[in-house]
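Coordinate analysis (summary)
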Amino acid sequence: MLTSVQKEILQNLINLYQTSEGKSIKGEDIAEVMNRNPGTIRNQMQSLRSLSLVKGVPGPRGGYKPTIEAYHSLNIPVTDNLSKVSIYKDDKKLDDLSVAKIEFTSVPHPGECEAVIKILGSIKDLNLGDTVRIGPTPVNNLGVIGKIVGRDDIDNIILLDTTTIRSIPKKTVKDVASLDLIYLNPNFVLKDAAAILSENSIDGAPVIEDNKVLGMLTLTDLAKALADGEEGLKVNQIMSQNISIVNEDMKLANAIDLMYKQKIGRLVIQDEEEKPIGIITRSDLIKSISNFEKFPLESKE
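Thresholds, definitions, all that
- Residues numbered from 1 in each chain as written.
- Predicted model: local features only at pLDDT ≥ 70, side-chain atom pairs only at ≥ 80, totals over all residues.
- Heavy atoms only, no water.
- Helix = DSSP H or I, 4+ residues; strand = E, 2+ residues; numbered from the N terminus.
- Rg over C-alpha atoms; globule rule 2.2 N^0.38 Å.
- Buried < 20%, exposed > 50% of the residue type's maximum accessible area, 1.4 Å probe, protein only.
- Contact = heavy atoms within 4.5 Å.
- Areas by Shrake-Rupley, 256 points an atom, 1.4 Å probe, with all protein chains shown as cover.
- Lys, Arg positive; Asp, Glu negative; His and termini not counted.
- Charge placed at Lys NZ, Arg CZ, Asp CG, Glu CD.
- Core = buried A, V, L, I, M, F, W, Y, C linked by side-chain atoms within 4.5 Å.
- Salt bridge = Lys/Arg side-chain N within 4 Å of Asp/Glu carboxyl O.
- pLDDT = per-residue confidence, 0-100.
- Expected span 1.5 Å × (residues − 1).
- Polar contact = N/O pair within 3.5 Å; in protein donor to acceptor, adjacent residues only side chain to side chain.
- Arc of directions from axis to C-beta.
- Pairing = 2+ DSSP bridges.
- Right-handed = clockwise from strand over helix to strand, strands pointing away.
- Phe/Tyr/Trp six-rings, centres within 6.5 Å; stacked < 30°, edge-to-face > 60°.
- Lys NZ or Arg CZ within 6 Å of the ring centre and 35° of its normal.
- Axes fitted to C-alpha atoms, helices over the stretch in contact; angles between N-to-C directions.
- Parallel < 35°, antiparallel > 145°, perpendicular 65-115°, else oblique.
- Left-handed = near helix turned anticlockwise from the far one by under 90°.

1. Digging into the overall build of the protein chain
For the protein chain, the helix and strand inventory stands at 10 helices and 14 strands. For 301 residues, the compact-globule estimate of 2.2 N^0.38 gives 19 Å, and the C-alpha radius of gyration of the protein chain, at 25 Å, exceeds that figure by more than 25%. If you line up the protein chain on its principal axes, its C-alpha atoms span 80 × 50 × 35 Å. Counting the 301 residues in the protein chain, one finds 45% classified as buried. Expressed as a percentage of contacts within the protein chain between residues at least 6 apart in sequence, the contacts between residues at least 24 apart total 57%. Surface summary for the protein chain: the accessible area is close to 16400 Å², and the carbon and sulfur share equals 47%. Looking at charge distribution, the protein chain has the averaged site of its 36 positive side-chain charges lying 7 Å from that of its 42 negative ones.

2. Focus: the nonpolar core
Judged by nonpolar contacts, the single largest core of 21 residues is most densely connected at Leu10, Leu13, Ile30, Met45 and Leu48. Of all the secondary structure elements, the ones that give two or more residues to this core are α1 (4-18), α2 (27-34), α3 (38-50) and α4 (68-73). It is α1 that contributes the most residues to this core, four residues altogether. Non-local contacts of Ile30, meaning those with residues more than four positions away in its chain, are made with Ile9, Asn12, Leu13, Leu16, Ile25, Ile41 and Met45. Counting residues in each nonpolar core, the second largest holds 19 residues, with Leu97, Ala115, Leu126 and Val144 among its members.

3. Structural notes on the pattern of salt bridges
Tallied over the entire structure, the rule returns eight salt bridges. Between Asp125 and Lys124 there is a salt bridge whose closest N-O contact spans 3.5 Å. Glu248 is paired through a salt bridge with Lys174; the nearest N and O atoms lie 3.4 Å apart. Here the residue Glu248 occupies a position in the loop between β12 (244-247) and α9 (252-262), and Lys174 occupies one in helix α5 (residues 173-176), the gap between them amounting to 74 residues.

4. Describing the confidence of the model for the protein chain
Mean pLDDT over the protein chain stands at 83; residues scoring 70 or higher make up 90%. For the protein chain, the element scoring lowest by mean pLDDT is helix α10 (residues 282-288), at 79; strand β10 (residues 204-209) scores highest, at 93. Contacts from residues 291-301, a stretch scored under 50 in pLDDT, to residues over four places away or in other chains number 34 contacts.

5. Considerations on α3
Between its first and last C-alpha, α3 extends 19 Å over 13 residues, near the 18 Å set by a 1.5 Å rise per residue. Restricting attention to buried positions, one finds in α3 the residues Gly39, Ile41, Met45 and Leu48. In this structure, the buried side of α3 is in contact with α1, α2, β1 (54-57) and β2 (63-66). Where α3 begins, the side chain of Asn37 points an oxygen toward the backbone nitrogen of Gly39, at a separation of 2.7 Å. Phi for Ser52, located one or two positions after α3, is positive at around 65°.

6. Some words on helix α6 (residues 190-199)
Residues of α6 that are buried: Leu190, Ala193, Ile196 and Leu197. Projected down its long axis, α6 carries its buried residues within an arc of 125°, all on one side. Away from the buried face of α6 by more than 90 degrees, exposed residues Lys191, Ser198 and Glu199 are located. Looking at the packing, one finds that the buried side of α6 touches β10, β11 (212-218), α7 (219-227) and α8 (235-238). Where α6 terminates, the next one or two residues include Ser201, which has phi positive at roughly 55°.

7. Observations concerning the pairing of β12
Residues Ser244 and Val246 of β12 are buried on one face, while the alternating residues Ile245 and Asn247, pointing to the opposite face, are not. In this sheet, strand β13 (residues 266-270) lies alongside β12 in parallel orientation, the contact comprising four bridges. Counterpart to Val246 in the pairing with β13 is Ile269. Crossover connection from β12 via α9 to parallel β13: handedness right-handed.

8. Things to note about the packing of aromatic side chains
On inspection of all chains with the given rule, the structure shows zero aromatic pairs. Note that Arg133 overlies the ring of Tyr88, its terminal NZ or CZ placed 4.0 Å from the centroid.

9. Section: the sheet that holds strand β14 (residues 276-281)
The sheet built from three strands is open, its strands ordered β12-β13-β14 with mixed pairing. Looking at which strands have only one partner, the edges of the open sheet turn out to be β12 and β14. Each strand of the sheet is rotated relative to its neighbour by a mean of 35°, with strand direction disregarded. Running at roughly 135° to β13, α9 makes contact with β12, β13 and β14 of the sheet.

10. A word on the packing of α1 against α2
Following both chains from N to C, one finds α1 and α2 inclined at 110°, their axes separated by 10 Å at the closest point. Classified by the interaxial angle, the pair formed by α1 and α2 is roughly perpendicular. For the pair α1 and α2, the crossing hand works out as right-handed. Residues Glu8, Ile9, Asn12, Leu13 and Leu16 of α1 lie in contact with α2, whose contacting residues are Asp29, Ile30, Val33 and Met34.

Structure below.
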């Protein structure tokens, strides 16, 4: 059985190794993080090597690397970089941290549920009272929001009082999008464009010519142009070119991430022949996801 010091050393070795791109970790680096004497770390490393939890790498660029047994001993899944689960604080992604494991104390009442979160990386900047967002996870698209009510620095665990638990359906954008595509001609005058949006009760539409998407026009764009006395302009003169075109097989989780990162409210969907066939909006995504209202999808329409 590992001592608390050995567990802390092993945890910090794994934390540093996760961000080292496969490079070995020097004992001095672990000592600095733990604020301990490097000699103490070296002595403990000998014991950890004898337990097959650490392997030494000789040479000037040498150091230590955790073994698979090390991950198992700390109950950490062995995953690659592509499957890391992100964690956000104050709506900002914490690049040096990832979530290794999520366990719930109970799930019948999500609003009263607590979640035990195993973290890879230093948790020193995660404080009691902080609200964090986790996920989505790669397998079941699970996401969690909660307030930190406990922290274990040795085992690198935070305890969340959850406010939201949700799972994004494993659907594609085509499954929930509007495939009755309404679009605008770039040479329409603004009055005609406004009439089309009004008749179809929509807030915006893509601008398309010869099956090529040129931009997006929204009611906000129209209102601004009219307020500036520019009612004589054409659609292509005021349309926004901040638009994303996605394939019909894109997963909803990826669409949410793309909208959030690019601060847009709509995605144009194209088929295998790169022909625009539909549009998906923030409202479409929110309606398709249970309990997703508290997850940020704000954009500039």
